[in-house]
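Read off the chains here:
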Amino acid sequence: MIIYKEVCVGCGRCQPYCPAGAIAFEDMKSVVEQDACYECGNCLRVAICPVDAIHDSPQVYQYPRALRKYFSDPCATHAVTGIEGRGTEESKTNDVTERCGPGEFGVAIEVGRPTLGMGLADIQRITRALARSGITEIEPQNPIHSMIADPATGDLKVEMLNERVLSAIIELQVTPERLPDVLRTIKAVANEVDSVFTLDVFTTLEPGLTIPRKLLDIVEAEGFTWRPNAKINMGLGRASD
Ligand code: SF4
Ligand code: SF4
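Residues numbered from 1 in each chain as written. Chains lettered and ligands numbered in written order. Predicted model: local features only at pLDDT ≥ 70, side-chain atom pairs only at ≥ 80, totals over all residues. Heavy atoms only, no water.

Caption draft 1: Region of the structure containing the sheet that holds strand β5 (residues 105–111). In spatial order, the strands read β10-β5-β11; together these three strands make up an open sheet with antiparallel pairing. Pairing within the sheet leaves two strands with one partner each, and these edge strands are β10 (168–174) and β11 (197–202). Shown here is a sheet whose adjacent strand axes are inclined to one another by a mean of 15°, direction ignored. Across six bridges, β5 lies against β11 in antiparallel orientation. Counterpart to V111 in the pairing with β11 is F197. (Pairing = 2+ DSSP bridges. Helix = DSSP H or I, 4+ residues; strand = E, 2+ residues; numbered from the N terminus. Axes fitted to C-alpha atoms, helices over the stretch in contact; angles between N-to-C directions.)

Caption draft 2: Structural context of the site of ligand 2. What surrounds ligand 2 is a group of 13 residues, the closest being C8, C11, G12, C14 and C49. Taken together, the residues that form the shell around ligand 2 break down as ten nonpolar, three polar and no charged. (Near = heavy atom within 4 Å. Nonpolar A, V, L, I, M, F, W, Y, C, P; charged D, E, K, R; others polar.)

Caption draft 3: The pattern of salt bridges, seen in detail. By the definition in use, this model includes 16 salt bridges. Across the pair K5 and E26 runs a salt bridge whose closest N-O atoms are separated by 3.1 Å. Residue K5 is located in the loop between β1 (2–3) and β2 (23–26), and its partner E26 is located in strand β2; the two are separated by 21 residues in the primary sequence. Of the residues examined, E26 reaches a relative accessible area of 40% and is grouped as partly exposed. Residue R128 is joined to D155 by a salt bridge in which the shortest nitrogen-to-oxygen separation is 2.7 Å. With a gap of 27 residues between them, R128 in helix α4 (residues 120–132) and D155 in strand β8 (residues 155–156) connect regions that are remote in the sequence. (Salt bridge = Lys/Arg side-chain N within 4 Å of Asp/Glu carboxyl O. Buried < 20%, exposed > 50% of the residue type's maximum accessible area, 1.4 Å probe, protein only.)

Structural data, given as structure tokens:
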């Protein structure tokens, strides 16, 4: 995002809307620190500027900077997956996508949050750790899959590593037998990640809407405290058989 300094009147109204803290005063005008900006579009979308000084920068869709927009702007459609909102359908819509069927387990690692954000180098720290443990089952419909240069090492394409985004999700589908290795690996690499992340483990519910005991046993055995979460996406559901 850019703010045209010659147009800005320095009212400061845009600054609180930036989740990255990337807008600051300089010479009584607001300016966007380009390295900190996630290209989330919030400052423009709220239409708070009284003089129309805020605009998308010409580079916003240039690779690799465009990754900032795809992972941070909920209205941007990811160029590879064609999906809005971090470029993936996520586990939250599993009832429709059926990525994870009965008896299968899914794992989602949601890295970054507003104000903290994250560097894509943090994603590489996790994908490298997973690869070292022999875990390379990154969900093919997740944009991270196409960003990996070498599945054997978990290395991302090198030109991406300096990009900062609001949040990104690594998704895996694993067999129950592989889940303990995945959980151990994520726990071991957690301190190397320079942001916050949420670890989701998901599956389909059993008859009676209960969480499979087998899943909970694995999670507890690996030392995690679990909290059940469900999300109902209005209008997305399907009638079950
Ligand atoms: S696009 Fe988002 S991150 Fe960039 S300056 Fe605007 S609000 Fe801040
Ligand atoms: S809202 Fe517009 S005029 Fe006010 S500080 Fe931001 S860019 Fe400048």
